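One-letter residues, chain by chain:
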Amino acid sequence: MIYKKNVVLVVDAYSIGSLIAPAFISRGYECIHVRSTDNVNAFYESWFRATDFIADLHYQSDAALDEALSQYSVQFVLAGCEFGVELAAHLAAHFNVARHNDPAHAIRWRNKYEMHEALKGAGVRSIKHFRSAELAEIQAWVEQQDLFPVVLKPINSAGSDNIHICTNADEVAHAFATIKSSRNIFLAQNEQVLVQQYLDNSDFFSELKSDKGRDVDIEYCVNTVSVDGQHFVSEIIRVYRTRIGAAPVHDYNQLMCPVDNQDVYRRLSEYVFSVLDALGIKQGVGHSELMIVNDEPVLLETAARMPGGIDLSAYTRALGHNQLNLWVESLINPQGFLEYRAQPRKKLYFHSSCVFLIARASGTIRQRPDISVWKHIPGLHSIKIQHEGMLSETNSLENSPGHVFILDKDRSSIQDSIQLLREAEPAIYQGMLA
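Criteria and thresholds
Along each chain, residues carry numbers from 1 onward, in the same order as the chain's sequence is written. Reporting in this predicted model follows two pLDDT cut-offs: at least 70 for local features of residues, and 80 or more for side-chain atom pairs to be given and counted; totals over whole chains, interfaces and linings ignore these cut-offs and use all residues. Only heavy atoms go into the side-chain values, all of them from the structure, while hydrogens and water stay out. UniProt positions are given in the numbering used here, feature names are shortened, and annotations may be inferred rather than shown by experiment. A run of H or I in DSSP becomes a helix once it reaches four residues, and a run of E becomes a strand once it reaches two; helices and strands are each numbered from the N terminus. A simple rule labels every residue: compare its accessible area, found with a 1.4 Å probe on the protein chains alone, to the largest value its type can have, and call it buried under 20%, exposed over 50%, or partly exposed in between. A pair of strands is treated as paired once DSSP finds two or more bridges between them. Angles shown run from 0 to 180 degrees and are taken between the N-to-C directions of axes, each axis being a line fitted to C-alpha atoms and, for helices, limited to the stretch in contact. Contacts are residue-level and defined by heavy atoms, with any inter-residue pair within 4.5 Å sufficient.

The name an unreviewed UniProt entry gives the protein is ATP-grasp domain-containing protein, with Pseudomonas soli as the organism.

Written out as structure tokens, the structure is:
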């Protein structure tokens, strides 16, 4: 039997958050899991690794948690995924752990309306937005703003859940009804609907001019780690989304090189740092999604957590670090993290792309996928693919059947590998459903 007084709390250790406990265990800490809710959908619950924790507690109240943890000293509190963010912020303040954010700001990290209100109040570039539980109010605002096309989405969600791009009033009405009548991916009923101006995917990089006019949205993910308001970009990723019906669906991404793409790093970092300051994220990780509009960055959303469901080993191999190990270092050894932050940026060891799998068929999975043809694709790093249950036609990140990481010294070779992967993809799903 081993007993350690100092422990780390991980709130809702699902998705990429399932890797937080192993990272701390490797540094000699014991971890305790805290569930913000027992109402977790199967997609998230499947990630949970009970053996990484010495206890698995369901949060009922501060007093009950204090009693359950009376023999321990809580050193750090971390959110494993989106729906654990607010409770993690509350508990970090409750236990007064080192380097925690003000929980009063936590609503800005979850509620997309409050998020953009905070940016507007701080004078940081944001997008036009409005929320309501009434269709008539949504339609009146769109007409008043003369904004078509517009985007309708849930106030609180993630993973491109229930996002609708609408070009007329009928589409707005349909999207509103769809959102209001459904639950978000955290299984909470959508009480209100957010409407935002649609951002054109114009870009200031000449190599992307060939994409103009195609049904493609180009976004950027900027992942950060902060200590006492000193921010560091762990990676910047260019994301290509394709349109399936009215929904923008992840297609593939490209990891940006800190040296070769230093202008991207400079411009997006400066903007995202101003976003983090406006949202009150002075400590820990951030995951920001944005676009370039009229040659300037503008935020889609920021989350006070890591991005979901990625293969951290791909980024470690490409960059020499990943966001999680930097986050752990920033907590355990903040001075070491700040020294690393001050070092000159290095070129990528490998170019990296994540290809998001897109199923065009649906049905019960009857046999495991035969991915043998993918295993021979040049530059293959890893494959994650659904192998049981129901296969759904992909219309969001949540019901994508998986992803494939491809790494190569030559970026153009990755594009060739992506084409090979897509050509073989339909037959793999057909085999799974046969």
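J.: Would you mind going over the UniProt feature "transmembrane region" (unreviewed entry) in the protein in detail, with residue names and values included?
T.: As annotated in UniProt, the feature "transmembrane region" (unreviewed entry) corresponds to residues 7–25 in the numbering used here. Between the C-alpha atoms that bound residues 7–25 there is a distance of 10 Å. The span itself is 32% helix and 26% strand.

J.: I'd like a description of the pairing of strand E9 (residues 216–227), backed by residues and values.
T.: The buried fraction of E9 is high, at 12 of 12 residues. Of the two faces of E9, both are covered, the one formed by Val216, Ile218, Tyr220, Val222, Thr224 and Ser226 as well as the one formed by Asp217, Glu219, Cys221, Asn223, Val225 and Val227. Here E9 runs beside strand E10 (residues 230–244); their pairing, made up of 12 bridges, is antiparallel. Counted as the bridge partner of Asp217 is Arg241 from E10. With 7 bridges connecting them, E9 and strand E12 (residues 284–293) associate as antiparallel partners. For Val222, the partnering residue across the bridge sits in E12 and is Ser288.

J.: Could you give an account of the sheet that holds strand E5 (residues 129–132), naming the residues involved and the relevant values?
T.: One open sheet holds the 4 strands; their spatial order is E5-E8-E6-E7, and the pairing between them is antiparallel. Two strands lie at the open edges of the sheet, namely E5 and strand E7 (164–166), each paired on one side alone. Across the sheet, the axes of successive neighbouring strands diverge by a mean angle of 25 degrees, strand direction being ignored. Relative to strand E8 (residues 193–197), strand E6 (residues 150–154) is paired through 5 bridges, and the arrangement is antiparallel. Considered in E8, the bridge of Leu152 is made with Val195. Lying on the sheet, helix H6 (residues 112–122) is in contact with E5, E6 and E8; it crosses E5 at an angle near 145 degrees.

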